[in-house]
Amino acid sequence: MNLFSVEGKTVVVTGGSRGIGKMIATGFVQAGATVYISSRKAAEVEKTAAELGCVAVPADLSTPEGAERLFEAVSATETKVDVLVNNAGATWGAPLEEFPEHAFDKLWGINVKGVFFLTTRFLPLLRAAATADDPARVINIGSIDGLRVPGMETYAYSATKAAVHMLTRHLAQRLAGDSITVNAIAPGPFDSKMMAFALDDPETRKAVASSVPLGRVGRPDDMAGAAIFLASRAGAYLTGTVIPVDGGITAR
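What counts, and where the lines are drawn
Here the residue index of a chain counts from 1 through its sequence in written order. Owing to the predicted nature of the model, reporting of local features is limited to residues with pLDDT of at least 70; listing and counting of side-chain atom pairs is limited to 80 or more, with chain, interface and lining totals taken over all residues. Excluded from the side-chain calculations are hydrogens and water; all other atoms, namely the structure's heavy atoms, are used. Aromatic pairs are defined between Phe, Tyr and Trp rings, using the six-membered ring for Trp, whenever the two ring centres lie within 6.5 Å; interplanar angles under 30 degrees are classed as stacked, those over 60 as edge-to-face, and all others as tilted. Runs of H or I in DSSP of at least four residues are treated as helices and runs of E of at least two as strands, each being numbered from the N terminus. Burial here depends on accessible area, computed with a 1.4 Å probe over protein chains only, as a share of the maximum for the residue type. Under 20% is buried, over 50% is exposed, and the range in between is partly exposed. Sitting over a ring, as applied to charges here, requires NZ of Lys or CZ of Arg to be within 6 Å of the ring centre and within 35 degrees of the ring normal. Here the rule is simple: two strands pair whenever DSSP picks up at least two bridges between them. Note on definitions: angles span 0 to 180 degrees between N-to-C directions of axes, and those axes are lines fitted to C-alpha atoms, for helices only across the stretch in contact. Whether two residues are in contact is decided by their heavy atoms, any of which lying within 4.5 Å being enough. Side-chain atoms within 4.5 Å link the members of a nonpolar core, which is a set of buried Ala, Val, Leu, Ile, Met, Phe, Trp, Tyr and Cys residues. Crossovers are described as right-handed under a simple rule: with the strands pointing away from the observer, the path leading from the first strand over the helix to the second runs clockwise. Salt bridge, as used here: a side-chain nitrogen of Lys or Arg that lies within 4 Å of a carboxyl oxygen of Asp or Glu.

A.B. asks: How should I be thinking about the packing of aromatic side chains in this particular structure?
C.D. replies: Think of a pair of aromatic rings as described by two things: how far the centres are apart, and how the planes are tilted against each other in angle. Taken as a whole and assessed by the stated rule, the structure comprises 4 aromatic pairs. Consider the rings of F71 and F122, whose centres lie 5.4 Å apart with planes at 85°: the pair is edge-to-face. Placement of the pair is F71 in helix α3 (residues 64-75) and F122 in the loop between α4 (101-121) and α5 (123-129), with a sequence separation of 51 residues. Relative to F104, the ring of F99 lies with its centre 5.4 Å away and its plane at 65°, an arrangement referred to as edge-to-face. Look at F99 and you get buried, because its relative accessible area is 14%. Of the aromatic side chains, those joined through ring pairs into one cluster are F99, F104 and Y155. The ring centre of F71 lies 3.8 Å from the NZ or CZ of R121, which sits over that ring.

Structure, rendered in C-alpha cells:
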C-alpha cells in the first residue's frame, strides 16, 4: 500500500503560508514528508510552520535574491530535494482600458519568472534526489483561468497562468533525461486570498459553487491529494501534464 506514499521525502512549497500552498504543505506533513515552506511575509510563514510542524524560510521569490535565499536555506540542511512545488503567485483585476502596465510586470515576475528561475536554481538538489524508478518532481500551480477565459478582468493573471502551463511542458521535455518530472495543477475555486473577494460572501460563494458541476468549492484534501499523487510512485510516469482540479468546470 505504498503506491501513494511520500513518507521520508523532502518537499519545498513556495507560497506555503496560506491558501493552496498551505493545503499542499499540510498534506505532505501529514503524510510524513519533511517540508519547507516559503513566503514573503516572515511572521506569517513562521506562524504557519509552527502550526504545521515544518520549516519556514521567509523569501521574496519574485527576486533573484529571494530564490537564492530559499535555496541556501534548504541546501544548508538537505543534500537533496524530492519535490519542488512552485505555488507562490499573485493576481490583479482591473477594467480593460484601466489595466496598468506594471500589473503585467509584477505578475510576470512572480508567476512565471519566479517559477523558472527557482526551478533552475534547485536543479542540483533535484538531480541529487532523482532516479529512473523514482524521479524528482516539480509541481507548478497554474489555474483553470490559464485554460479558459475567466469571467473577471484578470488579463495578466490568466495570461501568466497559461504561460506557466506551457513552461511546465517545456521544462518536462528538457528535464525528462535527468529523471525529473514536471507537471502542473490547475485549480478551480478554492478558499484562498485570491478568491476571498468572492468566497467570503455567502451568496457569492453559493453562486460560485453552483457553477461547478460537482456543486461545491474545492477542499484542502482535494488539492493535497493531487499534489501527493504527482509526488508519489503512483505519479512517477506522468510528466508535462496540466491537471485541472476544478470539480469539472473545464470539462464543459
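What follows picks up the thread again.
A.B. asks: Please clarify how the sheet that holds strand β7 (residues 242-245) should be interpreted in this entry.
C.D. replies: Each strand in a sheet pairs with its neighbour through backbone hydrogen bonds, running either in the same direction (parallel) or in the opposite one (antiparallel). In space, the 7 strands of this open sheet follow the order β3-β2-β1-β4-β5-β6-β7, with parallel pairing throughout. Across the chains shown, the open sheet's two edge strands, defined by having one partner strand only, are β3 (55-58) and β7. Across the sheet, the mean angle from the axis of one strand to that of its neighbour is 20°, orientation sign disregarded. Taken together, the 5 bridges between strand β1 (residues 10-14) and strand β2 (residues 34-39) define a ladder with parallel strand orientation. Residue V11 lies in a different strand from β2, and its bridge partner there is V35. Contacts between α3 and the sheet are confined to β1, β2 and β3, with β3 contributing the most and set at about 150° to the helix.

A.B. asks: I would appreciate a short explanation of the nonpolar core in the present structure.
C.D. replies: Most often, soluble globular proteins keep nonpolar side chains buried together rather than apart. Core analysis: the biggest nonpolar cluster contains 30 residues, and V12, L70, V74, F122, L126 and I180 have the highest contact counts within it. Counting only elements with at least two residues in this core, the list comes to α3, α4, α5, β5 (136-141), α6 (155-175) and β6 (180-187). No other element matches the 6 residues that α6 contributes to this core. What V12 contacts, discounting residues up to four positions off in sequence, is Y36, L70, V74, V81, V83, L84, V85 and F122. Grouped together as the second largest cluster of nonpolar side chains are 28 residues, V11, A33, I141 and A226 included.

A.B. asks: Where do I start with unusual backbone geometry in this structure?
C.D. replies: Excluding glycine, residues mostly have negative phi values, and the peptide bonds linking residues are mostly trans. A positive phi angle, near 60°, is found at S179, a position not held by glycine. Along the chain, S179 falls in the loop between α6 and β6.

A.B. asks: Just to check I follow, could you spell out the pairing of β2 for this structure?
C.D. replies: Each regular strand shows side chains that alternate between the opposite faces of the sheet. Counting buried positions along β2 gives 5 out of 6 residues, so the element sits mostly inside the fold. On the question of chirality, the crossover connecting β1 to the parallel β2 by way of helix α1 (residues 19-30) is right-handed. As for the winding sense of the linkage, the β-α-β connection from β2 through helix α2 (residues 42-52) to β3 is right-handed.

A.B. asks: Would you mind going over the pattern of salt bridges with me for this structure?
C.D. replies: Where charged atoms from two side chains of opposite charge approach closely, those side chains can pair. By the definition in use, this model includes 12 salt bridges. One salt bridge in this structure joins R18 and E44, with 3.2 Å as the shortest N-O distance. Separated by 26 residues along the polypeptide, R18 in the loop between β1 and α1 and E44 in helix α2 bring together distant segments of the chain. The partner of K22 in a salt bridge is E51, and the shortest N-O contact between them spans 3.2 Å. In this pair, K22 sits in helix α1 while E51 sits in helix α2, placing the two residues 29 residues apart along the sequence. A network of salt bridges, in which partner residues are shared, links K9, D134 and R137.

A.B. asks: What exactly am I supposed to notice about the environment of R219 here?
C.D. replies: Along the polypeptide, R219 turns up in the loop between α8 (202-210) and α9 (220-231). Remark: the alpha-carbon pair of R219 and P95, spanning 124 residues in sequence, is separated by 30 Å.

A.B. asks: Can you help me understand the side chain of T154 in this one?
C.D. replies: Looking at where T154 falls in the secondary structure, it is placed in the loop between β5 and α6. By relative accessible area, which is 9% here, T154 ends up buried. Contacts of T154, omitting those with residues within four sequence positions, involve T91, W92 and G93.

A.B. asks: Even after reading the chapter, I still don't get the pairing of β5, so can you show me in this structure?
C.D. replies: Burial within β5 is extensive, with 6 of its 6 residues counted as buried. The sheet contact formed by strand β4 (residues 83-86) and β5 spans 4 bridges and is parallel. Pairing of L84 across the sheet is with V138, part of β5. Strand direction decides the pairing type here: β5 and β6, joined by 6 bridges, are parallel. Looking at β6, one finds that A136 is bridged to I180.

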